[in-house]
Amino acid sequence: FSGAVEVERDGAWTSQPDGAGIATGSRLRTDMNGRALITFSDGSTVALDPSSEVVIEVASMEGPRQVLLRQESGRLLHQVVPDERPGASFAVRAASATVSAQGTVFETSIDDGEIAVSTAEGLVEVAAGTQRLAVAPGDAARIVGEVVRALPVGARGTVSTALFIDAPFAASVIGPEGRATGALPSGVAFQQ
């Protein structure tokens, strides 16, 4: 989207052009002004905010989807397409925590060693050590070490809004941070 987006190849960071493919095992990062969007072949997306770094450990769409990301820093927004086939998974590891999702929109962020998870749609499971917590839409959790805590309702400070468009044309809403969501005339929804 903007700023510098780089991928690590053979121990060196190189610029990642828009639309270029990313192989399993790749490490991707954005600079302090960078924003990027990873789109998997099933339509699931991961948006990287500025100063974010992620490793694509597993990305297989052969049979049931298998995606495993390792978040090193920053904030990621995930939109996961449902895959109800047995064995399908989409997970994000961040330090000692693992966040698992199916057909969900959620956010993960790392700040000063703390991991925050919030869910906008669907349900995610957060696991750290022996603790497990389901995070429902509108809820959030914070993980420090192997301790998982649910945040009080409304702690995220977000505002819920609905917009309905009944027309045969493409429509989108773009937020002040450059994120966009909308629908194409075919009815396919998108989020970037």
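For every chain, the first residue of the written sequence is number 1, and numbering continues from 1 onward in sequence order. Whole-chain, interface and lining totals are the exception, using all residues; otherwise, since this is a predicted model, local features are given only for residues with pLDDT of at least 70 and side-chain atom pairs are given and counted only at 80 or more. Side-chain metrics rest on all non-hydrogen atoms present in the structure, leaving aside hydrogens and water.

This part is about the side chain of Thr30. Residue placement: Thr30 occurs in strand E3 (residues 27-30). Throughout this description, buried means an accessible area under 20% of the type-specific maximum (1.4 Å probe, protein chains only), exposed means over 50%, and partly exposed covers the range between. Of the residues examined, Thr30 reaches a relative accessible area of 7% and is grouped as buried. A distance of 2.7 Å separates the side chain of Thr30 from the backbone oxygen of Asp49, its partner in a polar contact. Contacts are assigned to residue pairs with any non-hydrogen atoms lying within 4.5 Å of each other. Beyond its immediate chain neighbours, meaning those up to four positions away, Thr30 contacts Ala4, Val5, Arg35, Ala36, Leu48, Asp49, Pro50, Ser51 and Ser52. Under the DSSP-based scheme used, a helix requires at least four consecutive residues in state H or I and a strand at least two consecutive residues in state E, with every element numbered from the N terminus. By the criterion applied in these results, polar contacts are pairs of N or O atoms within 3.5 Å in which, for protein atoms, one can donate a hydrogen and the other can accept it, and in which residues neighboring in sequence qualify only through two side-chain atoms.

Here the focus is the environment of Arg35. With respect to the secondary-structure elements, Arg35 resides in the loop between E3 and strand E4 (36-39). Taking C-alpha positions, Arg35 is 5.5 Å from Leu48, a pair spaced 13 residues apart along the chain. Reaching out from Arg35, the side chain makes a polar contact with the side chain of Asp49 at a distance of 2.9 Å.

Now for the confidence of the model for the protein chain. Predictor confidence is given residue by residue as pLDDT, running from a minimum of 0 to a maximum of 100. For the protein chain, mean pLDDT is 84; residues scoring 70 or higher make up 79% of the total. Overall, residues 156-160 carries pLDDT values under 50, and its contacts beyond four positions in sequence, including any with other chains, amount to five contacts.

Turning to the nonpolar core, a few remarks are in order. Nonpolar side chains tend to gather and get buried jointly when the protein is soluble and globular. We define a nonpolar core as any set of buried Ala, Val, Leu, Ile, Met, Phe, Trp, Tyr and Cys residues linked to one another through side-chain atoms lying within 4.5 Å. Residues Ile38, Val46, Leu48, Leu69, Phe90, Phe106 and Ile143 are the most contacted members of the largest nonpolar core, which totals 30 residues. Contacts of Leu48, omitting those with residues within four sequence positions, involve Leu28, Thr30, Gly34, Arg35, Ala36, Ile38, Val54, Arg75 and Leu76.

On to the pattern of salt bridges, then. Here, a salt bridge means any side-chain nitrogen of Lys or Arg that lies within 4 Å of a carboxyl oxygen of Asp or Glu. Under the counting rule described, the total for this entry stands at twelve salt bridges. Here Arg29 ties to Glu6 by a salt bridge, and the two come within 2.8 Å at their closest N and O atoms. Remark: Glu6 occurs in strand E1 (residues 5-9) and Arg29 occurs in strand E3; sequence separation between them is 23 residues. Classification of Glu6 by relative accessible area gives partly exposed; the value is 23%. Residue Arg70 pairs with Glu57 through a salt bridge whose shortest N-O separation is 2.4 Å. Note that Arg70 is positioned in strand E7 (residues 66-79) and Glu57 in strand E6 (residues 53-60), a separation of 13 residues in sequence. Of the residues examined, Arg70 reaches a relative accessible area of 24% and is grouped as partly exposed. Connected through salt bridges with shared partners, the residues Arg35, Asp49, Arg75 and Glu107 form a single ionic network.

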